[in-house]
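# Structure assessment
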Amino acid sequence: MGVVLKKISKNYNGRTALKDLDLEVSRGEFHVLLGPNGAGKTTVLSVIAGLTKQDKGTVMVGGRNANGLPPEKRKIGFVFQDYALFPHLSVFDNIAYGLRVRRLKETEIARKIDYYLARVNIEKEKNKYPHQLSGGQKQNVALIRAIVTEPEILLLDEPMSDLDAPAREKTGQELKNFQQEMGITTICVTHDQDEAFSLGDRVSVLNEGKIEQIEAPHDLFYHPKTEFVARFVGAKNILKARIIKIQQHEAIVYINNECLVQPFKIRVKKYPIFEKGKEISLCIHPEKIVLKKPNEAVGNNLNRIRGKIVNKRSNGKTLRATIDIGGTEIHAAIPKALFDFRIHENVWVCFAPDAPHPLCGKRCRADEAGRRCLNEIRSIRS
Ligand SMILES: Nc1ncnc2c1ncn2[C@@H]1O[C@H](COP(=O)(O)OP(=O)(O)OP(=O)(O)O)[C@@H](O)[C@H]1O
Ligand SMILES: [Mg+2]
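First, a word on scope: everything that follows refers to the structure included in this document. Note that the structure is predicted; figures quoted are calculated from it, not measured. (Residues numbered from 1 in each chain as written. Chains lettered and ligands numbered in written order. Predicted model: local features only at pLDDT ≥ 70, side-chain atom pairs only at ≥ 80, totals over all residues. Heavy atoms only, no water.)

### Quick notes on the pattern of salt bridges
- A full pass over the atoms with the stated rule returns 24 salt bridges.
- For Arg267, the salt bridge identified is with Glu250, shortest N-O distance 2.9 Å. Here Arg267 is found in strand E13 (residues 264–269), whereas its partner Glu250 is found in strand E12 (residues 250–255), with 17 residues between them in sequence.
- By relative accessible area, Arg267 is classed as partly exposed at 24%.
- Taken together, the salt bridges that share partners define one network made up of Arg119, Lys170, Glu174 and Glu181. (Salt bridge = Lys/Arg side-chain N within 4 Å of Asp/Glu carboxyl O. Helix = DSSP H or I, 4+ residues; strand = E, 2+ residues; numbered from the N terminus. Buried < 20%, exposed > 50% of the residue type's maximum accessible area, 1.4 Å probe, protein only.)

### As for the sheet that holds E13
- Pairing is antiparallel across the open sheet formed by five strands, whose spatial order is E13-E12-E11-E14-E20. Sheet topology places E13 and strand E20 (357–358) at the edges, where each strand pairs with a single neighbour.
- Note that strand E11 (residues 237–246) and E12 share five bridges and pair antiparallel. The residue of E12 that forms the bridge with Arg242 is Tyr254. (Pairing = 2+ DSSP bridges.)

### Here we look at the coordination of the magnesium ion (ligand 2)
- Coordination of the magnesium ion (ligand 2) by the protein involves Thr42 (OG1) and Gln81 (OE1), with metal-donor separations of 2.0 to 2.5 Å. Taken together, the residues Thr42 in helix H1 (residues 41–49) and Gln81 in the loop between strand E6 (76–79) and helix H2 (91–101) connect sequence positions 39 residues apart.
- Under the relative-accessibility criterion, Thr42 is labelled partly exposed at 34%. (Donors = N, O, S within 2.8 Å, 3.2 Å for Na, K, Ca; no water.)

### Details of the nonpolar core
- With 44 residues, the main nonpolar core has Leu34, Ile95, Ile113, Leu175 and Leu220 as its most contacted residues.
- Tallying contributions element by element places helix H4 (residues 135–147) first for this core, with six residues.
- Split by domain, the residues of this core number at least three in each of domain 1 (3–215) and domain 2 (227–381).
- In terms of nonpolar packing, the next biggest core, distinct from the first, is built from 34 residues, Leu239, Val253, Ile323 and Phe341 among them. (Core = buried A, V, L, I, M, F, W, Y, C linked by side-chain atoms within 4.5 Å. Domains from an automatic or database assignment.)

### Here we look at the environment of Leu69
- Within the fold, Leu69 resides in the loop between strand E5 (64–65) and E6.
- Setting aside chain neighbours within four positions, we find Leu69 in contact with Arg64 and Arg74. (Contact = heavy atoms within 4.5 Å.)

### Digging into the packing of aromatic side chains
- Applying the stated criterion to the full structure yields seven aromatic pairs.
- Relative to Tyr116, the ring of Tyr115 has its centre 5.1 Å away and its plane inclined at 75°; by these criteria the two rings are edge-to-face.
- For Tyr115, a relative accessible area of 40% corresponds to the partly exposed category.
- Relative to Phe341, the ring of Phe339 has its centre 5.3 Å away and its plane inclined at 75°; by these criteria the two rings are edge-to-face. Comparing Phe339 with Phe341 shows no difference in burial state: the two are buried.
- What links up through ring pairs into an aromatic cluster is the set Tyr115, Tyr116 and Phe178.
- A cation over a ring is seen here: Arg145 above Phe86, with NZ or CZ 5.2 Å from the ring centre. (Phe/Tyr/Trp six-rings, centres within 6.5 Å; stacked < 30°, edge-to-face > 60°. Lys NZ or Arg CZ within 6 Å of the ring centre and 35° of its normal.)

### Notes on the site of ligand 1
- Residues in contact with ligand 1 amount to 14 residues; listed here are only the nearest, Gly38, Lys41, Thr42, Thr43 and Gln81.
- Within the side chain of Thr42, one N or O atom sits 2.8 Å away from an oxygen atom of ligand 1.
- Side-chain polar atom of Gln81 to an oxygen atom of ligand 1: 2.8 Å apart, as the coordinates give it.
- Compared with its free state, where it exposes 630 Å², ligand 1 has 65% of that area covered by protein.
- Of all the secondary-structure elements, those providing two or more residues to the shell around ligand 1 are strand E2 (15–25) and H1.
- At three residues, the largest contribution of residues to the shell around ligand 1 is made by H1.
- Its residues assigned to classes, the shell around ligand 1 shows four nonpolar, seven polar and three charged. (Near = heavy atom within 4 Å. Polar contact = N/O pair within 3.5 Å; in protein donor to acceptor, adjacent residues only side chain to side chain. Areas by Shrake-Rupley, 256 points an atom, 1.4 Å probe, with all protein chains shown as cover. Nonpolar A, V, L, I, M, F, W, Y, C, P; charged D, E, K, R; others polar.)

### A short note on the side chain of Thr190
- Here Thr190 shows up in the loop between strand E8 (185–189) and helix H6 (193–199).
- A relative accessible area of 4% places Thr190 in the buried class.
- One polar contact links the side chain of Thr190 to the main-chain amide nitrogen of Asp192, over a distance of 2.8 Å.
- Not counting residues up to four positions away in its chain, the partners in contact with Thr190 are Val32, Leu33, Leu34, Glu158, Glu195 and Ala196.

### Here's the deal with the packing of helix H3 (residues 106–119) against helix H5 (residues 165–182)
- Where H3 contacts H5, the two axes come as close as 10 Å, and the packing angle between them is 135°. By the angle between their axes, H3 is oblique relative to H5. Across the interface between the two elements, Tyr115, Tyr116 and Arg119 from H3 touch Lys170, Glu174, Asn177, Phe178, Glu181 and Met182 from H5.
- Of the residues assigned to the contact of H3 with H5, the class counts are four nonpolar, one polar and four charged. (Axes fitted to C-alpha atoms, helices over the stretch in contact; angles between N-to-C directions. Parallel < 35°, antiparallel > 145°, perpendicular 65-115°, else oblique.)

### What about the sheet that holds strand E3 (residues 30–34)?
- Here we have six strands laid out as an open sheet, ordered E6-E7-E8-E3-E9-E10, and mixed in their pairing. Since the sheet does not close on itself, it has two edges, and those belong to E6 and strand E10 (210–215), each with one partner. Along the sheet, successive strands turn relative to each other by an average axial angle of 15°, direction set aside.
- In this sheet, E10 lies alongside strand E9 (residues 202–207) in antiparallel orientation, the contact comprising five bridges. When the sheet's bridge partners are listed, Asn207 is paired in E10 with Lys210.
- Across the sheet, H4 is in contact with E6 and strand E7 (153–157); its angle to E6 comes to roughly 175°.
- Contacting E3, E7 and E8, H5 runs over the sheet at an angle of about 135° to E3.

Here's what the structure looks like:
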């Protein structure tokens, strides 16, 4: 086992940062921590590293109880949220620091540093000091400084937040390569969902010092257990519904969000948790919505709701539209080439019965359709 946290609690001056938090990260796993500001992500890493002492609970690192171990005995590399480079040391000496503590030969140190700097394209900055580097360059130096000592556990606190998009992709790819080549158990905090989904073997979502859900990325996206997780992974369309009829493969549900002027019925794919009369929340990803003109034919296989476009904005190849369906807004992400609508135009909001999925409090399915859908979304985004 890589890292196990058992019932960890931490208060700062009476304010709870972590409460009874349990987390198991397997050896060699790339684990991503997602969560809003103040959720406790940095505190989790700091407790694992031994830099913050928990009030209660046990930290196990590599199968051993680490509660009594000082940070330097935990075989951990840490990239801090604010880089924490030594300001009086050059890039080379910052990275060499941990290797010199381990008494490596200077020729070996130089060889290693040149190799790693080249992999993240910052070999030219070798002799600069931290104040002469950009934020992104500092982050890459901090990352290399943590990796070069070949730790058993790598803790990364938003390690790429200051990199521009191409550098982020390059460093992210190299980070994943380093991690897999060395088999390092990695726990990485990020606010970037694409990063979480492309790097993580599993993702945890933290909310107010507790983990709300741990899943493989596609399951987190398609089977969020709670409204909090759904919203955090970018779900915008959450509809309250009552199940009124259950058929062989589908169910008829009555959408009755509070602000909705006229509740309506839709058909949804049947899930194991469905029971007649049950109140549920359904989430529809914006990418699963199709818009049609009022006079356009809509196939019987699709649900359709009357709406009016109230907002639209371009986001690369995708157009994001907000549609008022009578007191409630629905968000759609449509490939630009297929978008031919004006603001205030009436439309049909259409989606297939398998587009809405329930926020059911447990994992209710993980099927090929979910995986296909995630791939579609990735291709629309790229
Ligand atoms: N040294 C400290 N002293 C007092 N309170 C602290 C300290 N460190 C963290 N906290 C508090 O603990 C809570 C969790 O903080 P933490 O830094 O772990 O959040 P985070 O999830 O990393 O947030 P962010 O995304 O903003 O980095 C916050 O309410 C924060 O104010
Ligand atoms: Mg933090």
